[in-house]
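# Examination of the molecular architecture
Below are the chains, spelled out letter by letter.
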Amino acid sequence: MESNEAELKFLYLTFDIIILNVAIFLMYFVGSQFFSYINIHDKSLYLLLSNLSYVITYSIFSVKNLYMHDDFSIRIRRITNRIFIFSVISFIFAHLFLAGQFSNLFILGCLFFFYLGEIIYYFALYSYLKYRRTQGYFIHRVLIVGLNDMSVFLHKLINNNPLLGYEFIGYVSENSENNQEVVGDLDDLVSLVSIHQIDFLFVTHSAYNDLNKSKELLATCNRIGVRLRFVPENQYWFKTKMNMESVGSLVVFNPQEI
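Summary of the structure given here.

Cut-off values and rules
- Residues numbered from 1 in each chain as written.
- Predicted model: local features only at pLDDT ≥ 70, side-chain atom pairs only at ≥ 80, totals over all residues.
- Heavy atoms only, no water.
- 1 Å grid on protein atoms, 1.4 Å probe; cavity = no way out; pocket = protein on both sides within 12 Å on 5 of 7 lines; lining within 4 Å.
- Points joined across faces, edges and corners; volume = space filled by probe spheres on them.
- Helix = DSSP H or I, 4+ residues; strand = E, 2+ residues; numbered from the N terminus.
- Nonpolar A, V, L, I, M, F, W, Y, C, P; charged D, E, K, R; others polar.
- Phe/Tyr/Trp six-rings, centres within 6.5 Å; stacked < 30°, edge-to-face > 60°.
- Core = buried A, V, L, I, M, F, W, Y, C linked by side-chain atoms within 4.5 Å.
- Buried < 20%, exposed > 50% of the residue type's maximum accessible area, 1.4 Å probe, protein only.
- Contact = heavy atoms within 4.5 Å.

What follows concerns empty space enclosed by the protein. Counted according to the given criterion, the structure contains two cavities of 30 Å³ or more. Taken together, Leu20, Ile24, Tyr46, Ser50, Phe86, Ser90, Phe106, Ile107, Cys110 and Leu111 form the lining of the second largest cavity. Listed by contribution, the elements that provide at least two residues to the lining of the second largest cavity are α1 (5–34), α2 (43–66), α3 (72–97) and α4 (104–135). Split into classes, the residues belonging to the lining of the second largest cavity amount to eight nonpolar, two polar and no charged.

In C-alpha cells:
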C-alpha cells in the first residue's frame, strides 16, 4: 500500500527526538548552573537512555498520536499520555542499566522541559499550518461525495490535521439534510469542481459501488483533471490490499493511472 503515513510518523518522530535532546541539554545547563547537588555524571548516558526509551515509546504510541480527530485539546491529552509512558520506560531503563549512576531529579527535569517543548512546538506547528491553509499555500482543495458517517469522519480528519495538506470545501450530496456544508448534488459535480478549483474528490457515496457509475466518474475526473479517491467503509479489509493510499488514518483506493 502506497502511503504517506510512514513518512509522517518518521517526521513526527524526528521533531520529538530533537525536542527531547534540546530538553536534556537545557536541563544539563540548568542543573550545572543552579542545582550543584544534582548528580549528572556523563550526559551521554542520559542521551542514550532517553532516545532509546522514546523510540520504544513512540513505536507503541505513534498510531494513536499521529492524527487528531478533534481539536488541539486532544493532542495535549495524547502528548500527556505519551510522556507518561515515556517516563515509566525511562525510569525502568535507568534502574536496570544505570543503577547508582543517574539522578531522579535530573530525569524529572528533562521530562518537564520535554513536555513543555512538545506542547509549545505542536501548538505552534498546528497554528502555523492552519494559518497557511487559510492563505491557500500548499493545499489541495477537497470535495467529499456523500453525506454519511464515513464522510463526516473524513471531514474531521482533514480539518484537524493541517499537516496532511487538504482543505475541505464541502459535501456533494443529493440529500442535504439542511447541512450548510453541502455545496451541490452529483449533477453539479463538474461545475462545482470548476467554481471551487477542486484538486481532490473523495467518494464515500454508496451509489458508486456500481461499476459503470464508478467508471463514468473516473472518466469525468480524468477529463477535468481532478484526482479521484474512493474511501471504503470496510477499512480493516482494505488495509491488506494493493493500489491503496492513505489520508491520515484512513485507507483510500486510487483508481487512476495518470
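What follows deals with the packing of aromatic side chains. Within this structure, the stated rule accounts for twelve aromatic pairs. Here the aromatic cluster, defined as three or more aromatic residues joined through ring pairs, consists of Tyr12, Phe15, Tyr121 and Tyr122.

To continue, consider the nonpolar core. A general trend in soluble globular proteins is that nonpolar side chains are found buried together. Counting 32 residues, the largest nonpolar core has Leu20, Ile24, Tyr54, Phe86, Phe106, Phe114 and Tyr122 as the members making the most contacts within it. Taken together, the elements giving at least two residues each to this core come down to α1, α2, α3 and α4. Ranked by the residues each element gives to this core, the list is headed by α4, at ten residues. Beyond its immediate stretch of four places on either side in the chain, Phe114 contacts Asp16, Ile19, Leu20, Ala23, Tyr54, Ile83 and Phe86.

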